[in-house]
Amino acid sequence: MQHIMALRRAACTAGRHIDRSRSSKAASTISAPSTAATPLVQRERMKPFPQTPRRKVPASIAYPPYAKTGIVHMSPTHDKIKIHDAASMQRMRSAAQLARVALDLACSMANDAAVANVTTDDIDQAVHDFIIERGAYPSPLNYAGFPKSLCSSINEVICHGIPDTRVLQVGDVVSFDVSCYLNGVHGDNCATVIVGDVQAENTIGADWRGVPYRAHFDAAEDQLHFDEARRLVQTTRQSLYAAIETCRPGGCLSDIGAAIQDIADAQGYSSVYKYRGHGISEEFHCAPFVKHYRNRDVCKLQPGMIFTIEPMLTQGLADCFEWDDDWTVSTSDNGLAAQFEHTVLITDNGVEILTLPPEKA
């Protein structure tokens, strides 16, 4: 049974579709530039901490098909690209907007972690409660057995980190991947923040949310770490928006990966090749599957397509490994990782980002 579950998880992991089209060695050679950045600040590797029991979801809330068993059954149309009609698009907008507000909650709690002893389990609890209070189901919960309601990936962890009782530390680079199931469809998005990189006034600039960067440090090594982390986070977000700019009717899906890798290469980072974006609708993960590196996939973009773009960039090489929990994915060289994700809709005239904050949608 464990072996079967491991295979199932490998084929369809929470929040990501695995790319098995390239061997690990070949992918590293192609994806990572020769100037891949080497981490200047050495850190201890992350390790698992105790987890709290799986959270409950009221029976009054509509569950996705896998919620009770943890078994993900692929539909016969899993590999066919869905063209959404107007009603389906509106359902997707609602789910995506709820996912975005829940993501912003997670990121704001990480801001306070440095002084409030906040854990990723605390954030998981808050996001879980927020989603179910609005009549939705947290999509990661029991997806192929995933034990929590969001993914929290810290420092060298690339994706699929499981929230636990470790207290977040100043300087932690944390990616939150937040998804929800509402009115029969999923919304999905992700963002990265740096714990403790905040001050009251904007004196040297601000992060992607407008939160002012911290300007004063007790040690030069601390400032160096924050400078490195900021550049990685900024570049990863930049690569996401460069990819979105390529999306239009008649465009090619492979333009997305090329745009991301152009940004990564220019800054000396690697784009993770093993995990991909995906179509999203009634199924959490379905076609089209979106590579975040240069590729030769041929897929003409059409109005009504909805999919995620979710680049994961690393300081060093793109090589990664999975922890014994069968979920947590970490860089092999201990380099920091960052991730950003939007769900996008191809329209008649271009592209609509479904997971923008409500005031910008």
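In what follows, the structure referred to is the one given above.
This write-up is about the structure you can find in this document. (Residues numbered from 1 in each chain as written. Predicted model: local features only at pLDDT ≥ 70, side-chain atom pairs only at ≥ 80, totals over all residues. Heavy atoms only, no water.)

Okay, the overall build of the protein chain next. The secondary structure content of the protein chain amounts to six helices and 16 strands. Among the 361 residues that make up the protein chain, the fraction classed as buried is 60%. Partitioning the contacts of the protein chain with sequence separation of at least 6, the portion at a separation of at least 24 is 74%. Surface summary for the protein chain: the accessible area is close to 14,700 Å², and the carbon and sulfur share equals 53%. (Helix = DSSP H or I, 4+ residues; strand = E, 2+ residues; numbered from the N terminus. Buried < 20%, exposed > 50% of the residue type's maximum accessible area, 1.4 Å probe, protein only. Contact = heavy atoms within 4.5 Å. Areas by Shrake-Rupley, 256 points an atom, 1.4 Å probe, with all protein chains shown as cover.)

Here we take up helix α4 (residues 120-133). For α4, with 14 residues, the first-to-last C-alpha span of 20 Å sits near the 20 Å given by 1.5 Å per residue. When we look at burial in α4, the residues that qualify are T120, D121, I123, D124, V127, H128, F130, I131 and I132. Buried residues in α4 make contact with α3 (86-116), β2 (137-138), β3 (151-154) and β5 (173-182). Near the N-terminus of α4, the side chain that reaches the backbone nitrogen of D121, with its oxygen 3.3 Å away, is that of T119. (Expected span 1.5 Å × (residues − 1). Polar contact = N/O pair within 3.5 Å; in protein donor to acceptor, adjacent residues only side chain to side chain.)

For the rest of this paragraph, the subject is the nonpolar core. Formed by 78 residues in total, the largest nonpolar core has its most connected members in I123, F176, I256, F307 and I309. For this core, the element with the most residues is α3, which contributes 13 residues. Among all residues touching I123, those that are not within four sequence positions of it are A106, M109, A110, V118, L150, L168 and F176. Counting residues in each nonpolar core, the second largest holds eight residues, with I158, C159, C320 and V329 among its members. (Core = buried A, V, L, I, M, F, W, Y, C linked by side-chain atoms within 4.5 Å.)

One pass over the full model with this rule turns up six aromatic pairs. Measuring from centroid to centroid gives 5.5 Å for W208 and F340, while their planes differ by 90°, and the two rings are edge-to-face. Placement of W208 in the loop between β6 (185-194) and α5 (220-245) and of F340 in the loop between β14 (337-339) and β15 (342-346) is noted, with a sequence separation of 132 residues between them. The buried category is assigned to W208, whose relative accessible area is 18%. According to the relative accessible area criterion, F340 is buried, its value standing at 3%. Here R134 stacks its cationic end above the ring of F130, 3.6 Å away from the centre of that ring. Over the ring of F226 we find R214, and its NZ or CZ is 5.5 Å from the ring centre. (Phe/Tyr/Trp six-rings, centres within 6.5 Å; stacked < 30°, edge-to-face > 60°. Lys NZ or Arg CZ within 6 Å of the ring centre and 35° of its normal.)

This next bit is on unusual backbone geometry. Glycine aside, a negative phi is what most residues show, and trans is what most peptide bonds show. Cis geometry marks the peptide bond from A287 to P288, where omega comes out at 0°. Residue placement: P288 occurs in strand β9 (residues 286-290). One non-glycine residue, N117, lies in the positive phi region at around 55°. Assignment of secondary structure puts N117 in the loop between α3 and α4.

Overall, antiparallel pairing links the three strands, which are arranged β7-β11-β14 in an open sheet. Each end of this open sheet is capped by a strand with a single partner; those strands are β7 (270-271) and β14. Inspection of the sheet shows strand β11 (residues 312-314) paired to β14 by three bridges, in the antiparallel sense. Paired with M312 across the strands is Q339, a residue of β14. (Pairing = 2+ DSSP bridges.)

Over its 31 residues, α3 runs 44 Å from end to end, which matches the ideal 45 Å to within 8%, given 1.5 Å per residue. Where α3 bends most, the angle comes to about 30°, and this point is A110. Once α3 ends, the next one or two residues include N117, with phi positive near 55°. (Bend = angle between axes of the 7 residues up to and from the residue.)

On to the pairing of strand β8 (residues 275-279). β8 sits mainly inside the fold: five of its five residues count as buried. Pairing geometry for β8 and β9, over two bridges, is antiparallel. Paired with G279 across the two strands is C286, which belongs to β9. Two successive antiparallel strands, β8 and β9, enclose a turn made up of six residues.

Once that is clear, we can look at the environment of Q90. With respect to the secondary-structure elements, Q90 resides in helix α3. The exposure class of Q90 is partly exposed, given its relative accessible area of 43%.

Close contact between α5 and helix α6 (residues 254-267) brings their axes to 8 Å; oriented N to C, the two are set at 155°. On the basis of the axis angle, α5 is roughly antiparallel to α6. Considering only the axes of α5 and α6, their crossing is right-handed. For the pair α5 and α6, the contacting residues are R231, T235, Q238, S239, A242 and A243 in the first and I256, A259, I260, I263 and Q267 in the second. Across the contact of α5 with α6, the residue classes tally to six nonpolar, four polar and one charged. (Axes fitted to C-alpha atoms, helices over the stretch in contact; angles between N-to-C directions. Parallel < 35°, antiparallel > 145°, perpendicular 65-115°, else oblique. Left-handed = near helix turned anticlockwise from the far one by under 90°. Nonpolar A, V, L, I, M, F, W, Y, C, P; charged D, E, K, R; others polar.)

Of the two faces of strand β10 (residues 306-309), both are covered, the one formed by I306 and T308 as well as the one formed by F307 and I309. Where β10 and β15 come together, four bridges link them in antiparallel fashion. Paired with I306 across the two strands is L345, which belongs to β15.

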